[in-house]
Amino acid sequence: MKRILLIAAVLFAAWQPMMADEGMWLPSLISQRIADMQAKGLKLSAEDLYSVNHSSLKDAIVLFGGGCTGELVSDEGLLFTNHHCGYSYIQRHSSVEHDYLKDGFWAMNRAQELPNPGLTVRFLVKMEDVTAAVLKGDKPKFTQEQRDVLIKKNIEALRKQETNPAKGLVAQVNALYYGNQYFLYVFQEFRDVRLVGAPPSSIGKFGGETDNWMWPRHTGDFSIFRIYADKDGNPADYSPENVPYHPKKSFTVSRKGVNEGDFTFVYGCPGSTQEYVHSEAVRYVQDISDPEKIALRTTRLEIMKKYMDRDQAVRIQYSSKYASVANAWKKWQGEEKGLRKNKIVQAKQAYEKRFADWAVGTRYEGLTDRLAQLYAAWEPVYRAYEYYNETVRTLERLNMATSRNFNFKDYYEPIDSEMFVAMMTAFDNALDDSYKPALFLQKRAQYGSMENWRDAVFADSLEARELARSLTDFVNQNLAPQVSALNQSINLLYKDYMQGQMEFEPEKAFYPDANLTLRIAYGSVAGYSPSDAVYYRPVSTLKGIIEKDNPDIFDYNIPQVLRDIYAAGGHENQPVCFLATNHTTGGNSGSPVLNAEGQLVGINFDRVWEGTMSDLAFDPEICRNISLDIRYLLFTIKEIGHADYLFDEMHFAD
Ligand code: ARG
Ligand code: GLU
């Protein structure tokens, strides 16, 4: 018996490191996970990852531009993030004479680095549990309204205490676990961040929309920036007098690479997940929201593509819009498929049944039913709200009529005109008239056809403005308040449901849903099997780029210099991207991917399509994050950019 147990233990230990690890853990509480991380390969201590007393890895990571992650790689403020995170800044510096998007950009010295007004990066100074302070003065007899007022006041006071504009210190308090816990986050924000380098799009966006969310992947998705500070090291507006910022910590780069099974962790800022929601919320996403939004976006993409294919100028005007519409469109398809294939709704229903049985006689009795009832009221309202956002609110002619900073440079009327008819028709057909403003109903009767109506709106800006206003007012005065009231009621139930789930499964480790603050996810390098008879290996190489290379296909047309380098030989096995089991989401773009020693081995930039349902339910079998191998970044800097002078300020482990 003992021997069998021993064998089982050995087998289990051998099998475990291969298991994907669900979870995005709070750095300040990482001591609760550190034993598991170390058992799976980590060589560092909890204090190495997060400390408020001395420098730790967290000091080398930033929230980049409010939606991505970046990491410091030198003592001189040098920073890596994704190409798609730097995209809009690279675009702003680009013109017909200097097309840095197309050709890439490489500063050959500090004087050539380009400032980016509006771009900020935030370091996390500290995070701490402030639940007691946020709830201070709360009384059981308070109504929810009184409690909300108190919480708001306490949060404001906490924030004020920590804010210090001269030092660039900004503070925020976030509710975790639907308000069962509150955390204070203090950041230092820098606002002189300069562009140092970017590969040509044919490398940085290689594969385009075709390969987006897909494996095998060969995208060199990186760009390079540098943080500047005033001479005392404090954040400052751009000034030629500013000097490179000396971070408390920067990453050492490993050129050893990774092999299947190696421990890795991702330290970055995941944006938003909903892992603990009711089955009704998942059913809505799977059966209504995702399919409807996918269909609407399919129409929009087809219209854009038709005109983009005809005219190179239109392609440039709409490429960024097309990319952002296509990005979520493709993700939702993977998500819907993944939810269905994994029967997440059914699994949640079964869980709710077990929970409800357990809850009898406790304060959680009937909770899941009450949530289902609220969702029944929420669903039609939220569906209408989403429909507005995906149809009429995307129409540029209407946005132009009401917005002061409309970008006319990237506007092509034939696209918008066709969109008007398609999106207004879809909107009108999908929603009950009670979800439409009176003016809409009146004009619909007046014009008789969508084409007539379109002609009137495009001919007369007053007509456009009236329609735009009525739609916006309907959302702001009617739909949005309803959605927000329903969400508030739902979240209040979730606060209890969350606590109930923790009591129901006391042995399970819960992590809070993502909220765009620093988290640690860990796992190992691993391939996956997306479907029967198919297995994907976890490492891609330059050989694969050459296989995809095709001058006639925009997404696969690589720079001639890359063909020449490959033809000269010796680079067949140059690693490009790799897969791992780390739990990531949007916002993790640009996150450092680290090995057991905490050295930089990659930069996270995507997930595999079949695993995008991980925002709602993580499946260790098929959820994989996609990283750029740091050695392909080094290769590109040297061979394509000839900017390897940058290596002098970096630290290499090997
Ligand atoms: N899918 C990645 C993310 O969600 C990359 C998006 C940018 N690339 C693109 N081809 N649209 O952000
Ligand atoms: N590309 C995504 C981002 O910008 C990361 C991919 C994902 O959603 O995991 O954050």
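Right above here is the structure, for reference.
A few points on the structure. Since the model is a prediction, treat every value here as computed from it, not as a measurement.

Focus: the side chain of S470
You can see S470 is positioned in helix α18 (residues 461-504). Using a relative accessible area of 13% as the deciding quantity, one classes S470 as buried. Setting aside residues up to four positions removed in sequence, S470 forms contacts with P437 and L439.

Digging into the site of ligand 1
Surveying the vicinity of ligand 1 reveals the residues H84, K205, G208, E209, N212, W213, A323, N327, F605 and D606. In this structure, an oxygen atom belonging to ligand 1 sits 3.3 Å away from a side-chain N or O atom of H84. N327 is positioned such that a nitrogen or oxygen atom in its side chain is 3.0 Å from a nitrogen atom of ligand 1. Starting from 340 Å² of accessible surface for ligand 1 in isolation, the protein chains cover 84%. Residue assignment for the shell around ligand 1 shows that the elements contributing at least two residues are α9 (208-211), α11 (312-341) and β18 (600-607). Tallied by class, the residues present in the shell around ligand 1 amount to three nonpolar, four polar and three charged.

Digging into the nonpolar core
One broad trend across soluble globular proteins is that nonpolar side chains are buried collectively. Membership of the largest hydrophobic core comes to 178 residues, with the highest contact counts inside it found for M37, L49, F265, Y267 and L467. Residues L158, L169, V173 and Y182 belong to the second largest nonpolar core, which totals 11 residues.

Considerations on the site of ligand 2
All residues adjacent to ligand 2 are H84, W213, T585, G586, G587, N588, S589, F605, D606 and R607. In this structure, an oxygen atom belonging to ligand 2 sits 3.1 Å away from a side-chain N or O atom of H84. At 2.5 Å from an oxygen atom of ligand 2 is found a main-chain nitrogen or oxygen belonging to G587. If ligand 2 stood free it would expose 290 Å²; the protein chains cover 88% of that surface. Of all the elements, β18 adds the most residues to the shell around ligand 2, at three residues. Tallied by class, the residues present in the shell around ligand 2 amount to two nonpolar, six polar and two charged.

Let's talk about empty space enclosed by the protein
Applying the stated criterion across every chain yields a total of two cavities of 30 Å³ or more. Space inside the largest cavity adds up to approximately 60 Å³. As for the largest cavity, its lining consists of Y284, I288, S289, E292, K293, L296, R383, E386, Y387 and E390. Breaking the lining of the largest cavity down by element, the ones donating at least two residues are α10 (279-310) and α13 (367-390). Examining the composition of the lining of the largest cavity, we find that six residues originate from one element, α10, more than from any other.

Considerations on the state of the cysteines
Tallying each qualifying case throughout the model produces one disulfide. Disulfide pairing places C68 opposite C85 at an S-S distance of 2.1 Å. Because the torsion about its S-S bond is -80°, the bridge between C68 and C85 counts as left-handed. Note that C68 is positioned in strand β2 (residues 68-72) and C85 in helix α4 (residues 83-92), a separation of 17 residues in sequence. On the basis of relative accessibility, which here comes to 8%, the residue C85 falls in the buried class. Not engaged in a disulfide, the cysteine C269 finds its nearest cysteine sulfur in C68; these two sulfurs lie 9.4 Å apart. In this structure C269 comes out as buried when scored by relative accessible area, which is 4%.

What to know about the packing of aromatic side chains
The geometry of two aromatic rings is summed up by the distance between their centres and the angle between their planes. Summed over all chains, the structure comprises 42 aromatic pairs. Between F123 and F190, the ring centres sit 5.7 Å apart and the planes meet at 80°, which makes this aromatic pair edge-to-face. Of this pair, F123 sits in strand β6 (residues 121-129) while F190 sits in strand β8 (residues 181-190), and the two are 67 residues apart along the sequence. On the basis of relative accessibility, which here comes to 6%, the residue F123 falls in the buried class. The class for F190 is buried, based on a relative accessible area of 0%. Judged by centre distance (5.3 Å) and plane angle (50°), the rings of W358 and F504 are tilted. Residue W358 is located in helix α12 (residues 344-359), and its partner F504 is located in helix α18; the two are separated by 146 residues in the primary sequence.

Calculation rules
The residue numbering used here restarts from 1 in each chain and proceeds along that chain's sequence as written. Written order decides the labels, with chains lettered from A and ligands numbered from 1. The model is predicted, so local features are restricted to residues of pLDDT at least 70 and side-chain atom pairs to those at 80 or more, both for listing and for counting; the totals for chains, interfaces and linings are taken over all residues. Calculated side-chain values reflect all of the structure's heavy atoms, with hydrogen atoms and water omitted. The numbering of helices and of strands both runs from the N terminus, where a helix is a DSSP run of H or I of at least 4 residues and a strand a run of E of at least 2. Under the scheme applied here, a residue whose accessible area is under 20% of the maximum for its type counts as buried, over 50% as exposed, and between as partly exposed, the area being computed with a 1.4 Å probe on protein chains only. Contacts are assigned to residue pairs that have any heavy atoms within 4.5 Å of one another. Neighbouring residues are identified by heavy atoms, a residue being near a molecule or strand if any of them is within 4 Å of it. Polar contact is defined as a pair of N or O atoms within 3.5 Å, subject to the rule that within protein one atom must be able to donate a hydrogen and the other to accept it, and that residues adjacent in sequence are counted only when both atoms are side-chain atoms. Accessibility throughout is a Shrake-Rupley quantity obtained with a 1.4 Å probe, and a residue counts as covered only by protein chains that appear here. Classes in brief: Ala, Val, Leu, Ile, Met, Phe, Trp, Tyr, Cys and Pro nonpolar; Asp, Glu, Lys and Arg charged; the others, Gly included, polar. Residues enter a nonpolar core if they are buried and are Ala, Val, Leu, Ile, Met, Phe, Trp, Tyr or Cys, with the set joined through side-chain atoms within 4.5 Å. Grid points spaced at 1 Å over the protein atoms alone were grouped into cavities, where a 1.4 Å probe fits but cannot get out, and pockets, open sets with protein on both sides within 12 Å along at least five of seven lines, with lining residues defined by an atom within 4 Å of a point. Grid points are joined across faces, edges and corners, and a volume is the space filled by probe spheres set on the points. Any two cysteine sulfur atoms within 2.5 Å of one another count as a disulfide. Within 6.5 Å between ring centres, the rings of Phe, Tyr and Trp (the latter by its six-membered ring) count as paired, and their orientation is classed by plane angle as stacked under 30 degrees, edge-to-face over 60, tilted in between.

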